[in-house]
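Structure at a glance
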Amino acid sequence: MIKNVVHITDIQYLRVYLPQHSLMHNIKANFDKIFNICKHHLAEHCNDENNFRHYKHEPKMSDLQIVALAITAESLGIDSENLLFSKLKKEYLLDFPNLVDRTNFNRRRKKMAYYISLISQSIADTIEPDKRTYIIDSLPLPICKNVRIPRNRICMDDDQVKPSRTYHACHKTYYFGFKLQLIINQSGTPYCAALTTASMHDSQYLKCLDDIQLTDCELIADGGYLSKAHQLQLF
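Residues numbered from 1 in each chain as written. Predicted model: local features only at pLDDT ≥ 70, side-chain atom pairs only at ≥ 80, totals over all residues. Heavy atoms only, no water.

The next point concerns helix H4 (residues 102–111). Every α-helix carries 3.6 residues per turn, so stepping three or four residues along brings you back to the same face. Taken together, the buried positions of H4 are occupied by Asn104, Phe105 and Arg108. The arc that holds the buried residues of H4, viewed along the axis, is 100°, so those residues lie on one side. Facing away from the buried side of H4 by over 90 degrees, the exposed positions are Thr103 and Lys110. The backbone nitrogen of Thr103 lies 3.1 Å from a side-chain oxygen of the residue at the head of H4, namely Asp101. (Buried < 20%, exposed > 50% of the residue type's maximum accessible area, 1.4 Å probe, protein only. Helix = DSSP H or I, 4+ residues; strand = E, 2+ residues; numbered from the N terminus. Arc of directions from axis to C-beta. Polar contact = N/O pair within 3.5 Å; in protein donor to acceptor, adjacent residues only side chain to side chain.)

As structure tokens, then:
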């Protein structure tokens, strides 16, 4: 696995999979629907208790419930765990009697990022079953102005991927931050997304595609993804 790459749990893309109705902002109603979706797509990974692994002491909420709740929050645009748990405890206390504390939820949610990504890919495959052609491109994600780079302290706590400074040819300027790698299918449905440090060349990210099991397909990209080694392989 190449360093400086974090595959995003692109659960916000599940919004296209949810019905639009008057209960769209009801956390419990959406949680029930998403839980059934998760159970269907992750059935082969779960045991009878809806957990991905065996626990010596069975947790209050199953792994599948943690995943479903995380996806529910993202799909409703709730990007703050404080806001989510405030709503759950004030407005949905009776609907979630086995709710874990926020720290426990956050710790377990991070450990299940792989399964959340699996759901996104499974739904993309359902929408577009032809998995032979994909499109990949990247876009810059600046986090601060260039003059603030020496004083920047945000996003520096993750050793796996940290912001860096690089030149963006299209904008003809330097920026400091990250780079988003997005893979979509022919229908435009996002299949996978990853966050890399800004200075990582696009061609380097191609080495990570084996980790998301994207093989034996046609991948359409611009010239930025070509290295000398890739050119020789194509010839």
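Anyway, onward from the coordinates.
Inspection of the secondary structure puts Ser62 in the loop between helix H1 (27–41) and helix H2 (63–75). The class of Ser62 is buried, set by a relative accessible area of 9%. Setting aside anything within four residues of it in sequence, one finds Ser62 in contact with Glu49, Asn50, Asn51 and Arg108. (Contact = heavy atoms within 4.5 Å.)

The next point concerns helix H5 (residues 113–127). The end-to-end C-alpha separation of H5 is 22 Å, in line with the 21 Å expected for 15 residues at 1.5 Å each. Regarding H5, the residues found buried are Tyr115, Ile116, Ser117, Leu118, Ile119, Ser120, Gln121, Ile123 and Ala124. Where H5 is buried, its residues meet H1, H2, H4, strand S4 (173–185) and strand S5 (190–197). (Expected span 1.5 Å × (residues − 1).)

On to the packing of aromatic side chains, then. Two descriptors summarise a pair of aromatic rings, namely the distance from one centre to the other and the angle between the planes of the rings. Across all of its chains, the model carries six aromatic pairs by this definition. On the numbers, 5.3 Å between centres and 75° between planes, the contact of Tyr114 with Tyr115 is edge-to-face. A relative accessible area of 48% means that Tyr114 is categorised as partly exposed. On the basis of relative accessible area, Tyr115 is assigned to the buried category, the value being 18%. Among the aromatic residues, ring-to-ring pairing joins Phe31, Phe35 and Phe96 into one connected group. (Phe/Tyr/Trp six-rings, centres within 6.5 Å; stacked < 30°, edge-to-face > 60°.)

Pairs may arise between side chains of opposite charge once their charged atoms sit close together. With the rule as written, the count across this model stands at six salt bridges. For Arg102, the salt bridge is made with Glu81, and the minimal N-O distance between the two is 3.9 Å. Of this pair, Arg102 sits in helix H4 while Glu81 sits in helix H3 (residues 81–91), placing them 21 residues apart in sequence. Judged by its relative accessible area of 37%, Arg102 falls in the partly exposed class. Through salt bridges that share partners, Glu81, Arg102 and Arg109 make up one connected network. (Salt bridge = Lys/Arg side-chain N within 4 Å of Asp/Glu carboxyl O.)

At a minimum axis distance of 8 Å, the contact between H1 and H2 shows a crossing angle of 125°. The pairing of H1 with H2 is recorded here as oblique in orientation. Read as a crossing pair, H1 and H2 show a hand that is right-handed. Only Leu64, Gln65, Val67, Ala68, Leu69, Ile71, Thr72 and Ser75 of H2 make contact with H1, whose side of the interface consists of Ile27, Asn30, Phe31, Ile34, Phe35, Cys38 and Lys39. When its residues are assigned to classes, the contact of H1 with H2 shows ten nonpolar, four polar and one charged. (Axes fitted to C-alpha atoms, helices over the stretch in contact; angles between N-to-C directions. Parallel < 35°, antiparallel > 145°, perpendicular 65-115°, else oblique. Left-handed = near helix turned anticlockwise from the far one by under 90°. Nonpolar A, V, L, I, M, F, W, Y, C, P; charged D, E, K, R; others polar.)

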